[in-house]
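Given next are the chains, with one letter for each unit.
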Amino acid sequence: SGGAVQMVHSRHDDELYVSRAFHLLMDGSFGPYDSRLLEKLPGISLWLAGNRLLGIPYLFSIDLLFVFAGIYFISALKRYNVNQFLLLLVFGLYLFNPVTIDYQWFRVLRETLSIGLLVLMLASMLFVLVHLQEKRLSIMHLAMLAIVFSFAVMVREEDRLLYALLAIFSGLVLWKYWPFFRGLNLISRSGVLAL
């Protein structure tokens, strides 16, 4: 945590993200319109600007997201009655894996943010499956999945692949729990949502 954040003079990565965040805070735009302004998706710039508004340092926000995502994921696994020693081992490997001490982790890059968002998505999917096994619908975890997914696809172009993950998850839920959904009266005669 004592490492300094590095911003490499890379016109299409670090510098672009920070420049767009700066202009967002200054005048509400992404900055001067030129050929490289929209080369990369704006998610990381929104993250940087939002953290600055809240007064949270960038590296601390990334680490906090990473740790929270890990705790959320371990909590989901715990609901499946996974051995506590195994959970502790998995969480230790997750927290102290070599990626988090690599110099790339200390740069202003989208990959560090995407890792935490992916783990949050997987954890919320596990929680939804747990609640469906208990014959309950989990609005909180579905909302977490929706928010994280919506933001994740704005961070990296490659994160469009998350649509495949979401499709597989939706297919699994419908295949395994279709009788549960048929039993729900989602729309009453008056057209009001009734869960």
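Cut-offs and rules
- In this convention, every chain numbers its residues from 1, walking through the sequence in written order.
- With the structure being a predicted model, the display of local features is reserved for residues of pLDDT at least 70 and the display and counting of side-chain atom pairs for 80 or more, all residues being used for whole-chain, interface and lining totals.
- Computation of side-chain values covers all heavy atoms of the structure but excludes hydrogens and water.
- Numbering goes from the N terminus for both helices and strands, where a helix is a DSSP run of H or I of at least four residues and a strand is a run of E of at least two.
- Here, expected helix span is obtained from the residue count minus one, scaled by 1.5 Å.
- Think of it in three bands: with a 1.4 Å probe and only protein chains considered, a residue is buried below 20% of the maximum accessible area for its type, exposed above 50%, and partly exposed in between.
- Between N-to-C directions, angles span 0 to 180 degrees; the directions come from axes that are lines fitted to C-alpha atoms, helices contributing only their stretch in contact.
- What sets the label is the angle itself: under 35 degrees gives roughly parallel, over 145 gives roughly antiparallel, 65 to 115 gives roughly perpendicular, and the rest give oblique.
- Contacts are assigned to residue pairs with any non-hydrogen atoms lying within 4.5 Å of each other.
- Polar here means any residue other than Ala, Val, Leu, Ile, Met, Phe, Trp, Tyr, Cys and Pro, which are nonpolar, and Asp, Glu, Lys and Arg, which are charged; Gly is therefore polar.
- Helix crossings get a hand from a simple test, with the near helix turned counterclockwise from the far one by less than a right angle marking a left-handed crossing and a clockwise turn marking a right-handed one.
- Each patch is built from residues that are more than 30% exposed by relative accessible area and take part in no salt bridge. Like charges join if they lie within 9 Å; nonpolar side chains (Val, Leu, Ile, Met, Phe, Trp, Tyr) join within 5 Å.
- Surface exposure here means Shrake-Rupley accessible area, sampled with a 1.4 Å probe, where a residue is shielded only by the protein chains that are shown.
- For salt bridges, the criterion is a side-chain nitrogen of Lys or Arg within 4 Å of an Asp or Glu carboxyl oxygen.
- Here, the term nonpolar core denotes a set of buried Ala, Val, Leu, Ile, Met, Phe, Trp, Tyr and Cys residues that are joined through side-chain atoms within 4.5 Å.
- Here the aromatic set is Phe, Tyr and Trp, taking the six-membered ring for Trp, and pairing holds for ring centres within 6.5 Å; pairs whose planes are under 30 degrees apart are stacked, those over 60 apart are edge-to-face, and all others are tilted.
- Placement of a positive charge over a ring is assigned whenever Lys NZ or Arg CZ falls within 6 Å of the ring centre and within 35 degrees of the normal to the ring plane.

Chemist: Can you lay out helix α2 (residues 43-54) for me, pointing to particular residues and giving the numbers?
Modeler: For α2, with 12 residues, the first-to-last C-alpha span of 17 Å sits near the 16 Å given by 1.5 Å per residue. When we look at burial in α2, the residues that qualify are G43, I44, S45, W47, L48, A49 and N51. Once α2 ends, the next one or two residues include G55, with phi positive near 80 degrees.

Chemist: Give me the lowdown on the packing of α2 against helix α3 (residues 58-79), citing residues and values where you can.
Modeler: Taken N-terminus to C-terminus, the directions of α2 and α3 make an angle of 110 degrees; their axes are 10 Å apart at the nearest point. Our classification of the angle between α2 and α3 gives roughly perpendicular. Two secondary-structure elements touch here, α2 through I44, W47, L48 and N51 and α3 through Y58, S61, I62 and L65. Looking at the contact of α2 with α3, its residues break down into six nonpolar, two polar and no charged.

Chemist: How would you sum up the packing of helix α1 (residues 14-27) against α2? Please name residues and give values.
Modeler: Their axes nearest at 8 Å, the elements α1 and α2 cross at an angle of 50 degrees. It follows that α1 is oblique to α2 by the angle criterion. As for the relative orientation of α1 and α2, their crossing is right-handed in sense. Between α1 and α2, the contacting residues are L16, Y17, V18, R20, A21, L24 and L25 on the first element and I44, S45, L46, L48, A49, R52 and L53 on the second.

Chemist: Requested: an account of a nonpolar patch on the surface, with residues and values cited.
Modeler: A contiguous nonpolar surface patch, about 500 Å² in accessible area, is contributed by F85, L86, L89, V90 and L93. Summarising the element assignment, L89 is placed in helix α4 (residues 84-95).

Chemist: If you had to explain the environment of Y94 to someone new, which residues and values would you point to?
Modeler: If you trace the backbone, Y94 turns up in helix α4. Residue Y94 is classed as buried on the basis of its relative accessible area, which comes to 17%. Note: C-alpha distance between Y94 and V67 (27 residues apart in sequence) is 8.9 Å. When near neighbours in sequence (up to four residues on either side) are disregarded, Y94 contacts F66, A69, G70 and V119.

Chemist: Can you tell me about the nonpolar core, naming the residues and giving the values?
Modeler: Here is a general trend for soluble globular proteins: nonpolar side chains tend to be buried in one another's company. One finds W47, L113 and L117 to be the most contacted residues of the largest nonpolar core, which totals 45 residues. Elements represented by at least two residues in this core include exactly α1, α2, α3, α4, α5 (110-133), α6 (139-152) and α7 (162-183). For this core, the element with the highest residue contribution is α5, accounting for 12 residues. Ignoring anything within four residues of it in the chain, the contact list for L117 reads L65, V148, F151, A152 and V155.

Chemist: Please give an account of the packing of aromatic side chains that cites residues and values.
Modeler: If you walk through the whole model with that rule in mind, you get seven aromatic pairs. Arranged with centres 5.2 Å apart and planes meeting at 75 degrees, the rings of F66 and W105 form a pair that is edge-to-face. Placement of F66 in helix α3 and of W105 in the loop between α4 and α5 is noted, with a sequence separation of 39 residues between them. Of the two residues examined, F66 and W105, each falls in the buried class. The structure contains a cluster of three or more aromatic residues connected by ring pairs, namely F66, F91, Y94 and W105. Of note, R20 hangs over the ring of F30, and the distance from its end group to the ring centre comes to 5.6 Å.

Chemist: Give a detailed account of the side chain of K40, specifying residues and quantitative values.
Modeler: Note that K40 resides in the loop between α1 and α2. Not counting the four nearest positions on each side in its chain, K40 is found in contact with H12, D13, L16, Y17, R20, R110 and E157.

Chemist: Give me the lowdown on the environment of L24, citing residues and values where you can.
Modeler: By the element assignment, L24 lies in helix α1. The contacts of L24, once residues within four sequence positions are left out, are S29, F30, S45, L46 and A49.

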